[in-house]
Amino acid sequence: TTHHLDYNTRERIGYYFNNGEIIDKENVLTSVQGSYITATKDLLFKQNVVLVNKDYVIETDTLKHNTNSETSFFFGPTVITNKKNMLYTENGWYNKKTNIGQFFENSYINTESRFIYGNNLYYDGNTKIGIIHFLAFMVNTMHK
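Residues numbered from 1 in each chain as written. Predicted model: local features only at pLDDT ≥ 70, side-chain atom pairs only at ≥ 80, totals over all residues. Heavy atoms only, no water.

### Concerning the overall build of the chain
The cut-off we apply is this: The helix count covers DSSP runs of H or I at least four residues long, the strand count covers runs of E at least two residues long, and both are numbered beginning at the N terminus. Three labels apply to residues, based on accessible area from a 1.4 Å probe with only protein chains included: buried if under 20% of the type maximum, exposed if over 50%, partly exposed otherwise in between. Should any heavy atoms of two residues lie within 4.5 Å, those residues are counted as being in contact. All accessible-area figures derive from a Shrake-Rupley calculation using a 1.4 Å probe, and residue coverage is judged against the displayed protein chains alone. Working convention for charge: Lys and Arg count positive, Asp and Glu count negative, and His plus the chain ends are omitted. Just so you know, the charge point we use is NZ for Lys, CZ for Arg, CG for Asp and CD for Glu.
Each helix and strand counted, the chain has 0 helices and 12 strands in total. Along the chain direction, N to C, the helices and strands of the chain fall in the order β-β-β-β-β-β-β-β-β-β-β-β. When its C-alpha atoms are laid out on the principal axes, the chain stretches across 65 × 40 × 25 Å. Scored against the burial criterion, the 144 residues of the chain give a buried share of 30%. Intrachain contacts of the chain at a sequence separation of at least 6 include 18% that bridge at least 24 residues. A total of about 10000 Å² of accessible surface is found on the chain, and carbon and sulfur atoms cover 56% of it. Mean positive and mean negative side-chain charge positions of the chain (14 and 14 charges, respectively) differ by 5 Å.

Written out as C-alpha cells, the structure reads:
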C-alpha cells in the first residue's frame, strides 16, 4: 500500500517515493522508496527499510530482493535481530531457499554468549556451520 504509485508501462517498473508497505503471509516491510522490476522480479527498497517477520526483524538503508531466487541483498548499515542474536553488516546477502548467507564489511554477530567479528561471515543455516574470515593487523603504538 502507498498513497502514490507510478508505473512505467514501457519498462514495466513500478515505483513509490512517499512511503510504502508490503504485507504478505510472513512479512511486513516498510520503506520510504520502493520499486519492482517485472522482467527480473527484483524488488528494491530504500530509506528506513524495516522488515518484520515472526522470527526476525531487519532494519537497513537499502534492500534488494529477488522473488525468483528468494535472495535478499543488503547495502549499507543493516541490523538483523531475532530473540537470541543480532547480526550487523554493511553489505551481504541471504538466500531463503538454501538458508545460506554471506556478510561483508564490518560484519559481526552478537549472541547471548559470544561476540564474533569478521570481514567475511558465511553461514549455512542447514548445517549450523559458520565460517569467519578476518583481517588481522597490528598497530605500533611506540613512537620515536
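Back to the write-up after that little detour.
### Overview of unusual backbone geometry
One non-glycine residue, N48, lies in positive phi territory at about 50 degrees. For N48, the location among the structural elements is in strand 6 (residues 42-53). Taking relative accessible area as the criterion, N48 reaches 58% and is therefore assigned exposed. Phi at E70 is positive, roughly 60 degrees, even though this residue is not glycine. Position of E70 relative to the elements: it lies in the loop between strand 7 (57-66) and strand 8 (71-81). A relative accessible area of 28% places E70 in the partly exposed class.

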